[in-house]
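Here are the chains, one letter per residue:
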4 protein chains.
Amino acid sequence: MTKSQGGPGRPRSEAAEKAILDSTLKLLAELGYGGLTMDKVAADAKVSKATMYRRWPSKVHLVIAAFSQLPELPSPDTGAIRTDLIQVLESFLTITENTPLAGVLPTLAGERARTPELSDYLDKATRQRRKPVKQMLERAVRRGELPGSTDIELAVDMVMSPLVMRIFFTNNPADMEFLKQVVETALRGLGWQSE
Amino acid sequence: MTKSQGGPGRPRSEAAEKAILDSTLKLLAELGYGGLTMDKVAADAKVSKATMYRRWPSKVHLVIAAFSQLPELPSPDTGAIRTDLIQVLESFLTITENTPLAGVLPTLAGERARTPELSDYLDKATRQRRKPVKQMLERAVRRGELPGSTDIELAVDMVMSPLVMRIFFTNNPADMEFLKQVVETALRGLGWQSE
Amino acid sequence: MTKSQGGPGRPRSEAAEKAILDSTLKLLAELGYGGLTMDKVAADAKVSKATMYRRWPSKVHLVIAAFSQLPELPSPDTGAIRTDLIQVLESFLTITENTPLAGVLPTLAGERARTPELSDYLDKATRQRRKPVKQMLERAVRRGELPGSTDIELAVDMVMSPLVMRIFFTNNPADMEFLKQVVETALRGLGWQSE
Amino acid sequence: MTKSQGGPGRPRSEAAEKAILDSTLKLLAELGYGGLTMDKVAADAKVSKATMYRRWPSKVHLVIAAFSQLPELPSPDTGAIRTDLIQVLESFLTITENTPLAGVLPTLAGERARTPELSDYLDKATRQRRKPVKQMLERAVRRGELPGSTDIELAVDMVMSPLVMRIFFTNNPADMEFLKQVVETALRGLGWQSE
DNA sequence: CAGTAATCGAGACGGTACGTCCCGTCTTTAT
DNA sequence: ATAAAGACGGGACGTACCGTCTCGATTACTG
């Protein structure tokens, strides 16, 4: 995927690439996945469609790439895993509830089911979203708040997925109350030793 | 939504309705949501598109209706919540991994984000999928395996959502090993008293 | 190609068909073949592109169909073949020189060379353009101005093609002077007996 | 248009120029005008597009240039205008019917209608194609087969254009039979005195 | 003999048309 | 009134081509 730099021919414009991804994110936030159009992106980024298709073979690929560009969640370090998690998940909640970006993720997951080739590509983006939580949990293990034997991936799933579930799939409220209960239930299940 | 039968005019064909839903499920399993076309369903069910749109106002509505037709998960009662859950989630895993039906759900969730009116409609389908697990947990509370104060909805989320997460959003394996760990971690977090 | 009327299903709109052909001719006259766009036609005729492609499989087909709609050349009957021909050819000259429609014909001929399937389709349009001249010549034979053995198709070619040649392929002027010389030379060659 | 040789900088490659024109003719014969692509020519001639556009400002210019490279028609001198013409027109017929090159000319004529600037450029090519016929007719005038007052340009049109007409615009056969009739009719019209 | 300048292949770029596809609606005739 | 059949408006998708533009690398004339 990376272009062997230094080869013959005009190099691909990094400016164009950035402009496309920026426009994609902007329009995605305004219009959601379904409202986003390749032509609209091209117009907004002042770029031709060919330039887009040269980099990403379809709309889905482009959107995933744009997603991967999103800034990481802020990852506070309060010294206690419980408050760390509550804070990071609260940001997660806020962001997801205030932009149409939220609805994009399930759509991408749906496309992934049809196009296995997208799997790895999308996974990269997902892993990035999980990263701050993962780091917190690793710190907690080092601090002794969680057992050394803790399965980190499992732990991430235990605390994040109930939120994701409510946000994307059900009508049940995903509020601060629920968030705290999830964190406490999960931590207790993981063998948490509060200080 | 139901037509008052007995009025003038030809009554709606129940056979057509069934044929449409069957074709929808069949094509959904073969092609996924994106590959499914109203024309293809009409052709497969030997039905006109008007007949479809007379019953459901859009493709999403039709797909959700077809989904709601899926049989409930088998809900064993072994007497112990741990084994109950493991069994029902194993069925869930098997079904979801062997049909493209899996990919449909996230897509529907994505549409829901864009069309709030779908929320309730989709929620009905989701609740049905959660029902067996919910019943198990209620039995466990009655048996004293779980505290009387248990928040059942939270409990359902705690055990089901990590699986859903892995199946839909990540490449991490959702296998029996993982399933058992989720059940145990969640139960422990919920204050489970094994017998 | 003709639709069996009376079958099931919504019949094709004759109004749409007419609107499309009219818009095509209008835009063809304004913009020429290269400037004509399927989207522009659709917009001007207030019709969807699907409606166009349902009738004609490509831009070339549409343009030929529109051409076939052009009104026949006025076909005066002065009683003398020489003046008949001069008048009809003068109209031909005037029309061809005052609209971009002229340039369209060679382009169509070029496409025909690439797509033999267009041959018959285009030929229909061409024959119509030749028709008035043909009728004049037939009248002249009946009147005895031309021999009974006259090959009419050859005769049409002899009088029309030098004009076409100059108009489309060369810079030589195609003026009244030239026109008259062509008519006289051709008639003499065909064994014309002036009264 | 010609670069003043001797200036500074790398001189233009004559090999490249030849390769481009050769590839153009080759591809033109295979694919016709519409199927010819600047990229295909570049690839076939192992040349960059810039090298092409440095020499000819557009695809049409290039194609016309390639056309002008075609060898002149063989111009026999049998001593009798009738047989001279029949022979040269037979060659013309053979060439035009056996290559898609035929279809190119009308297309160019179509472009000419849209781009007047092409007129002179294309005219040069056309004049070359007419040259042998013109020379024959001039010889015939000198020999006394045709009147001294003969308008040569008119005469060329009278004998060549009916053939061109049939080849390019109609389905009527352009065979030897037709060819002979055209020649005889035209010559008679022009006041031909057979020996 | 170093420097300058136009050329070369390769290939990206903006713009724009094409033809295909699908959704949800509408218009026929037949039950 | 409903059914099958299928046309309709609208609009996005992905492909293709033109003519322009940047690269780094040659290849000549010039100072």
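The rules we used
- Residues numbered from 1 in each chain as written.
- Chains lettered and ligands numbered in written order.
- Predicted model: local features only at pLDDT ≥ 70, side-chain atom pairs only at ≥ 80, totals over all residues.
- Heavy atoms only, no water.
- Helix = DSSP H or I, 4+ residues; strand = E, 2+ residues; numbered from the N terminus.
- Buried < 20%, exposed > 50% of the residue type's maximum accessible area, 1.4 Å probe, protein only.
- Contact = heavy atoms within 4.5 Å.
- Areas by Shrake-Rupley, 256 points an atom, 1.4 Å probe, with all protein chains shown as cover.
- Lys, Arg positive; Asp, Glu negative; His and termini not counted.
- Charge placed at Lys NZ, Arg CZ, Asp CG, Glu CD.
- Least-squares fit on C-alpha atoms with pLDDT ≥ 70 in both.
- Domains from an automatic or database assignment.
- Buried area = accessible area lost by both parts, 1.4 Å probe.
- Salt bridge = Lys/Arg side-chain N within 4 Å of Asp/Glu carboxyl O.
- Axes fitted to C-alpha atoms, helices over the stretch in contact; angles between N-to-C directions.
- Parallel < 35°, antiparallel > 145°, perpendicular 65-115°, else oblique.
- Nonpolar A, V, L, I, M, F, W, Y, C, P; charged D, E, K, R; others polar.
- Near = heavy atom within 4 Å.
- Polar contact = N/O pair within 3.5 Å; in protein donor to acceptor, adjacent residues only side chain to side chain.
- Expected span 1.5 Å × (residues − 1).
- Phe/Tyr/Trp six-rings, centres within 6.5 Å; stacked < 30°, edge-to-face > 60°.
- Lys NZ or Arg CZ within 6 Å of the ring centre and 35° of its normal.

### Observations regarding the overall build of chain A
Looking only at helices and strands, one finds 9 helices and 0 strands in chain A. Seen through its principal axes, chain A has C-alpha atoms that stretch 60 × 40 × 30 Å. When the 195 residues of chain A are sorted by exposure, 50% land in the buried category. A separation of at least 24 residues holds for 68% of the contacts in chain A among residues at least 6 apart in sequence. With an accessible surface of roughly 9,200 Å², chain A has 52% of that area assigned to carbon and sulfur atoms. Side chains of chain A give 26 positive and 24 negative charges; the mean places of these two sets differ by 8 Å.

### A few points about the relation of the copies chain A and chain B
Of the transformation superimposing chain A on chain B, the axial component is 0.1 Å and the angular component is 178°, with the fit at an RMSD of 0.6 Å. Considering both components of the superposition, the chain copies are consistent with a two-fold axis. By residue overlap, the copies meet face to face through one surface: 100% of the interface positions of chain A are interface positions in chain B.

### Some remarks on the domain arrangement of chain A
All names here are of chain A. Segmentation of chain A into domains returns domain 1 (14-68) and domain 2 (81-189). Taking the mean C-alpha position of each, domain 1 and domain 2 sit 26 Å from one another. Between domain 1 and domain 2, the buried area comes to about 1,300 Å², and carbon and sulfur atoms account for 78% of it. The three residues of domain 1 that bury the most area against domain 2 are His-61, Ile-64 and Phe-67, which together make up 45% of that side's buried surface.

### Some words on the pattern of salt bridges
Residue and element names in this part refer to chain C. The final tally for this structure, using the stated rule, is 60 salt bridges over all chains. Across the pair Glu-145 and Arg-143 runs a salt bridge whose closest N-O atoms are separated by 2.6 Å. The exposure class assigned to Glu-145 is buried, which follows from its relative accessible area of 2%. Note on Arg-143: relative accessible area 32%, which makes it partly exposed.

### Concerning the packing of helix α5 (residues 81-98) of chain D against helix α7 (residues 118-143) of chain D
Residue and element names in this part refer to chain D. The N-to-C vectors of α5 and α7 enclose an angle of 175°; their axes lie 10 Å apart at closest approach. By the angle between their directions, the pair α5 and α7 is classed as roughly antiparallel. The segment α5 lies against α7, with Ile-81, Asp-84, Leu-85, Val-88 and Phe-92 engaging Arg-129, Pro-132, Val-133, Met-136, Leu-137, Arg-139, Ala-140 and Arg-143. Looking at the contact of α5 with α7, its residues break down into 9 nonpolar, no polar and 4 charged.

### Here's the deal with the protein's contact with DNA strand F
Residues in contact with DNA strand F amount to 49 residues; listed here are only the nearest, Thr-51 and Arg-54 of chain B together with Gly-9, Thr-51 and Arg-54 of chain C. Considering DNA strand F, the proportion of its atoms within 4 Å of the protein that are sugar or phosphate atoms stands at 67%. Separating a base oxygen of DNA strand F from a side-chain N or O atom of Arg-10 of chain A is a distance of 2.8 Å. Thr-51 of chain B is positioned such that a nitrogen or oxygen atom in its side chain is 2.5 Å from a phosphate oxygen of DNA strand F. If you list the elements that add at least two residues to the surface near DNA strand F, you get α3 (49-55) of chain A, α3 (49-55) of chain B, α3 (49-55) of chain C together with α3 (49-55) of chain D. Considering each element in turn, the surface near DNA strand F owes the most residues, 4 residues, to α3 of chain B. Residue classes in the surface near DNA strand F are distributed as 15 nonpolar, 15 polar and 19 charged.

### So, the protein's contact with DNA strand E
The environment of DNA strand E is formed by 43 residues, the closest being Thr-51 and Arg-54 of chain A, Met-38 of chain C together with Thr-51 and Arg-54 of chain D. For DNA strand E, the backbone portion of the atoms within 4 Å of the protein, that is sugar and phosphate, comes to 63%. One nitrogen or oxygen atom from the main chain of Lys-46 of chain A is found 3.4 Å from a phosphate oxygen belonging to DNA strand E. In this structure, Tyr-53 of chain B approaches DNA strand E through a side-chain N or O atom, which is 2.9 Å from a phosphate oxygen. Looking at the surface near DNA strand E, the elements that each hand over two or more residues are α3 of chain A, α3 of chain B, α3 of chain C together with α3 of chain D.

### Comments concerning the interface of chain C and chain D
In this assembly, 43 residues from chain C lie in contact with 44 residues from chain D. Counting each side, the surface lost to burial between chain C and chain D is near 3,600 Å², with a carbon and sulfur contribution of 58%. Contact with chain D buries area across many residues of chain C, yet Met-165, Phe-169 and Asn-171 of chain C alone supply 18% of it, more than any other trio. Applying the counting criterion to the chain C and chain D interface returns 2 salt bridges. Inspection of the region where chain C meets chain D yields 22 residue pairs in polar contact (both at pLDDT 80 or more).

### A short note on α5 of chain D
Residue and element names in this part refer to chain D. Between its first and last C-alpha, α5 extends 26 Å over 18 residues, near the 26 Å set by a 1.5 Å rise per residue. Of all the positions in α5, only Ile-81, Asp-84, Leu-85, Ile-86, Val-88, Leu-89, Ser-91, Phe-92, Leu-93 and Thr-96 are classed as buried. Looking at the packing, one finds that the buried side of α5 touches α6 (101-114), α7, α8 (152-169) and α9 (176-189).

### A look at the interface of chain A and chain B
Between chain A and chain B, the contact holds 43 residues from the first and 44 residues from the second. Together chain A and chain B conceal approximately 3,700 Å² of surface at their shared face, both sides included; 58% is due to carbon and sulfur atoms. Our count for the chain A to chain B interface comes out at 2 salt bridges. Arg-166 of chain A is the partner of Asp-157 of chain B in a salt bridge, and the nearest nitrogen-oxygen pair spans 2.6 Å. Taken together, the connections running from chain A to chain B amount to 22 residue pairs in polar contact (both at pLDDT 80 or more). No other element matches helix α8 (residues 152-168) of chain A, which puts 12 residues into the side of chain A that touches chain B.

### A few points about the packing of aromatic side chains
Per the counting criterion, the structure on display carries 6 aromatic pairs over all chains. Between Phe-169 of chain C and Phe-168 of chain D, the aromatic rings sit 5.7 Å apart at their centres with planes inclined by 40°, giving tilted as the arrangement. With one member in each of two chains, Phe-169 of chain C in the loop between α8 (152-168) and α9 (176-189) and Phe-168 of chain D in helix α8 form a pair that bridges those chains. Under the relative-accessibility criterion, Phe-169 of chain C is labelled buried at 5%. For Phe-168 of chain D, a relative accessible area of 5% gives the class buried. Taking 6.4 Å as the distance between ring centres and 50° as the angle between the ring planes, the aromatic pair formed by Phe-169 of chain C and Phe-169 of chain D counts as tilted. Of this pair, Phe-169 of chain C sits in the loop between α8 and α9 while Phe-169 of chain D sits in helix α8, which puts the two residues in different chains. These aromatic residues form a ring-pair network of at least three members: Phe-168 and Phe-169 of chain A together with Phe-168 and Phe-169 of chain B. The cationic tip of Lys-59 of chain B hangs over the ring face of Tyr-33 of chain B; the distance from NZ or CZ to the ring centre is 4.4 Å. A cation sits over an aromatic face here: Arg-166 of chain B above Phe-178 of chain B, 3.7 Å from the ring centre.

### Quick look at the arrangement of the chains
Of all C-alpha pairs spanning chain A and chain C, none lies closer than 15 Å, and the two are not in contact. Kept free of each other, chain B and chain C leave a smallest C-alpha distance of 10 Å between them.

### Structural notes on the environment of Thr-94 of chain B
Residue and element names in this part refer to chain B. Within the secondary structure, Thr-94 sits in helix α5 (residues 81-98). Thr-94 gets classed as partly exposed once you look at its relative accessible area, which sits at 41%. When the C-alpha positions of Thr-94 and Ala-80 are compared, they lie 22 Å apart, and in sequence the two are 14 residues distant.

### Some remarks on the relation of the copies chain C and chain D
For the pair chain C and chain D, the superposition axis carries a translation of 0.1 Å, the fit reaches an RMSD of 0.6 Å, and the rotation angle comes to 178°. Taken as a fraction of all interface residues of chain C, those also at the interface in chain D reach 100%, which identifies the copy contact as same-surface.

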